[in-house]
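In case you want the letters, here they are:
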Amino acid sequence: MLSASEDIIAVWCWAPAESPLMHWSLPVTDSKGELFRKDNHKEELPSRVAAAVRTPRPLNFFWEKGCMSTYLLIESRDFSENPDVDSLLDTAARLAEAGHTVDIFFIQNGVFWARKGANRRIATLAGQGVALWADDFSLAGRSLSPQDIHDNITVAGVTTLIRLLTRPECRPVWH
Amino acid sequence: MTQGHWRFMAQDKKQIFIGVIGDPYESDLCTSLFRMVDAAITEGHEIVVWTCCGATSLTAEALGETKPRNLMDIGAGHACPSTAHIVRGLIDEADGSLRWLVCRYCAEERGVTCQIEGVQITAPFKLIQHMNQADVAMIMGQC
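Just so we're clear, the structure is a prediction, and the values are computed from it rather than from any experiment.

Quick notes on the rules
Residues numbered from 1 in each chain as written. Chains lettered and ligands numbered in written order. Predicted model: local features only at pLDDT ≥ 70, side-chain atom pairs only at ≥ 80, totals over all residues. Heavy atoms only, no water. Helix = DSSP H or I, 4+ residues; strand = E, 2+ residues; numbered from the N terminus. Buried < 20%, exposed > 50% of the residue type's maximum accessible area, 1.4 Å probe, protein only. Contact = heavy atoms within 4.5 Å. Areas by Shrake-Rupley, 256 points an atom, 1.4 Å probe, with all protein chains shown as cover. Pairing = 2+ DSSP bridges. Axes fitted to C-alpha atoms, helices over the stretch in contact; angles between N-to-C directions. Buried area = accessible area lost by both parts, 1.4 Å probe. Salt bridge = Lys/Arg side-chain N within 4 Å of Asp/Glu carboxyl O. Parallel < 35°, antiparallel > 145°, perpendicular 65-115°, else oblique.

**Q** Any chance you could break down the overall build of chain A for me, citing the residues and the numbers?
**A** Helix and strand counts for chain A stand at six helices and nine strands. Of all 175 residues assigned to chain A, the portion counted as buried reaches 47%. Expressed as a percentage of contacts within chain A between residues at least 6 apart in sequence, the contacts between residues at least 24 apart total 63%. Carbon and sulfur atoms provide 51% of the accessible area of chain A, an area that totals close to 9,100 Å².

**Q** Outline the sheet that holds strand E4 (residues 120-122) of chain B, listing residues and values.
**A** All names here are of chain B. Pairing within the open sheet is parallel, and its five strands lie in the order E4-E3-E2-E1-E5. The sheet terminates laterally at E4 and strand E5 (136-140), the two strands that pair on one side only. When the angles between neighbouring strand axes are averaged without regard to direction, this sheet yields 25°.

**Q** Can you tell me about the interface of chain B and chain A, naming the residues and giving the values?
**A** Quoted interface sizes are often the accessible area lost when the parts come together. Counting residues at the interface gives 26 residues for chain B and 31 residues for chain A. Across the chain B to chain A interface the summed buried area is about 2,500 Å²; carbon plus sulfur atoms make up 64%. Along the contact surface separating chain B from chain A lie four salt bridges. Close ionic contact of Arg 35 of chain B with Asp 136 of chain A constitutes a salt bridge, the shortest N to O distance being 3.9 Å.

**Q** How would you explain the environment of Asp 38 of chain B if you had to name every residue and give the values?
**A** All names here are of chain B. Position of Asp 38 among the secondary structure elements: in helix H1 (residues 29-43). Residue Asp 38 is classed as partly exposed on the basis of its relative accessible area, which comes to 31%. C-alpha separation for the pair Asp 38 and Gly 54, spaced 16 residues apart in sequence, amounts to 21 Å. With sequence-adjacent residues up to four places away left out, Asp 38 is seen in contact with Leu 90 and Glu 93.

**Q** Explain the pattern of salt bridges to me, using residue names and the numbers behind them.
**A** Residue and element names in this part refer to chain A. Counting across every chain of the model gives 10 salt bridges over all chains. Here Arg 121 and Asp 86 are joined by a salt bridge, their closest N and O atoms 3.5 Å apart. In this pair, Arg 121 is assigned in helix H4 (residues 121-127) and Asp 86 in helix H3 (residues 85-97), connecting sequence segments 35 residues apart. By relative accessible area, which is 30% here, Asp 86 ends up partly exposed. Between Arg 167 and Asp 103 there is a salt bridge, with its nearest N and O atoms 3.0 Å apart. Of the two residues, Arg 167 sits in the loop between helix H6 (158-165) and strand E9 (170-174) while Asp 103 sits in strand E6 (residues 101-106), which places them 64 residues apart along the sequence. Residue Asp 103 is classed as buried on the basis of its relative accessible area of 0%. The structure contains a network of salt bridges with shared partners spanning Asp 86, Asp 90 and Arg 121.

**Q** Can you tell me about the packing of H1 of chain B against helix H2 (residues 83-94) of chain B, naming the residues and giving the values?
**A** All names here are of chain B. Running from N to C, H1 and H2 point in directions that differ by 10°, and their axes come no closer than 10 Å. Between H1 and H2, the angle is such that the two are roughly parallel. Here Cys 30, Phe 34, Val 37, Asp 38, Ile 41 and Thr 42 of H1 come into contact with H2, specifically with Thr 83, Ile 86, Val 87, Leu 90, Glu 93 and Ala 94.

Rendered as structure tokens:
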């Protein structure tokens, strides 16, 4: 049994399968970074993991610092047909802030977002490192030329979309 | 084009799963789907397309080879291919790397159980199985 005098730091977090913590059940440690299993059998963590666990971190530490992912957000709608589009841009901004690789591909009516002056958030997203793309076929179908498009947006075809989609560990979202 | 846009790595052949859930006439969804499938075939990937809800009618046998004639412009003389014809062409072009699946429940509900040759009517519980087998999965559209 653990004594009341020991400084116990319980680290509960959701971590992906490749995280070292997933190899340990009920990761409860004392201040020395030693792990207690459910049967209170002490085992030493690898030193690098013990160092990470010993230092106080927010619960989403592993998600923010160790689990960078690639997201492809495909926006097919204009704000006039669905006000949800703003939430997709919000999501992209938050993912970029968390350090993930984010691409937004505007297609179909979503290319209306790509026009110059259409949305002030485009420049902000580009500043955060979000890559922005607009589908050339959708632009042509809506009488928009590349000159009408925001400077931070790259006009590309569907082949580029497929290449973005097939990047390793890419997580696509069609909106 | 900024440096940060080029994030491509060497492209291996991947298995792509695209689930299409939407009525083909509501938006350009169908056009985007065909373009993406064509590009994926050209890039050498394997594609599994799962059609659900209204998208099951894309490959209905009753559509025939061409769309109905535009009686307002009958002198135009050309006939636009039907979606069934386009899908058949994609399957032929893919030469085995494209599987077109149709959800059986959705097809039965919409009376489109007679599908063109080359597509496969599948039980809905197979959806997750196909998604798990793919390297990348994406759902397009909404019911």
